[in-house]
Amino acid sequence: MQPRARQFVHLVRRLDRVRDQEEQRNKIDSEHARLRSVVQQLRILGTAELQQAAREVEHHAWWVRAVHEGRPDELSDHYGGRSAEDRLRDAMHRLFVAARRQLGVRDPDTVVSDDPIDPRRLAP
């Protein structure tokens, strides 16, 4: 799931920087379809917690796409002004925790943050 979401965001972020936007939109559509397919697989195999987390990833991925396509983020206020990409990152974190919990991993809540790395904030 995570590689699909990352690839999707990568393609969406490049939309305004490519020569052939129609080709890029086709790539985005294909990757979006793959992401939705993985979500459906998790809904078949996952616990209720994992299913909900997967649905949230799909939901926020759609909003990332909408924003990069120039549409307003109509749900930003509902989520405390947080960007669609931040919301997607949080949803991915919840998905990891839910998957680890379903797999019986010790300390399933211990998932390293997926926030962008800023070397100025790293401990010495």
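Cut-offs used in this document
Residues numbered from 1 in each chain as written. Predicted model: local features only at pLDDT ≥ 70, side-chain atom pairs only at ≥ 80, totals over all residues. Heavy atoms only, no water. Helix = DSSP H or I, 4+ residues; strand = E, 2+ residues; numbered from the N terminus. Expected span 1.5 Å × (residues − 1). Buried < 20%, exposed > 50% of the residue type's maximum accessible area, 1.4 Å probe, protein only. Polar contact = N/O pair within 3.5 Å; in protein donor to acceptor, adjacent residues only side chain to side chain. Contact = heavy atoms within 4.5 Å. Salt bridge = Lys/Arg side-chain N within 4 Å of Asp/Glu carboxyl O.

### Considering helix H2 (residues 21–45)
Its 25 residues give H2 an end-to-end C-alpha distance of 36 Å, which sits within 8% of 36 Å, the value for a rise of 1.5 Å per residue. For H2, the set of buried residues is Gln24, Ile28, Glu31, His32, Leu35, Val38, Val39 and Leu42. Two to three positions downstream of the cap, the backbone nitrogen of Glu22 sits 3.2 Å from a side-chain oxygen, assigning the N-cap of H2 to Asp20.

### Re the side chain of Gln24
Among the structural elements, Gln24 can be located in helix H2. On the basis of relative accessible area, Gln24 is assigned to the buried category, the value being 4%. Aside from chain neighbours lying at most four places away, what touches Gln24 is Leu11, Arg14, Leu15 and Val18.

### Some thoughts on the pattern of salt bridges
Enumeration according to the criterion identifies 14 salt bridges in this entry. Its salt-bridge partner being Glu23, residue Lys27 comes within 3.8 Å of it at the nearest N-O pair. Taken as a pair, Lys27 and Glu23 lie in helix H2 at a separation of four residues, close to a single helical turn. Of the residues examined, Glu23 reaches a relative accessible area of 41% and is grouped as partly exposed. Here Glu56 and Arg94 are joined by a salt bridge, their closest N and O atoms 2.8 Å apart. Linking Glu56 in helix H3 (residues 48–68) with Arg94 in helix H4 (residues 84–103), this pair joins segments that are 38 residues apart in sequence. The partly exposed category is assigned to Glu56, whose relative accessible area is 22%. Look at Arg94 and you get partly exposed, because its relative accessible area is 37%.

### Brief notes about the environment of Arg34
With respect to the element layout, Arg34 can be found in helix H2. Residue classification places Arg34 among the partly exposed positions, given a relative accessible area of 39%. Engagement of the side chain of Arg34 in a polar contact is seen with the side chain of Glu31, the distance being 2.9 Å.

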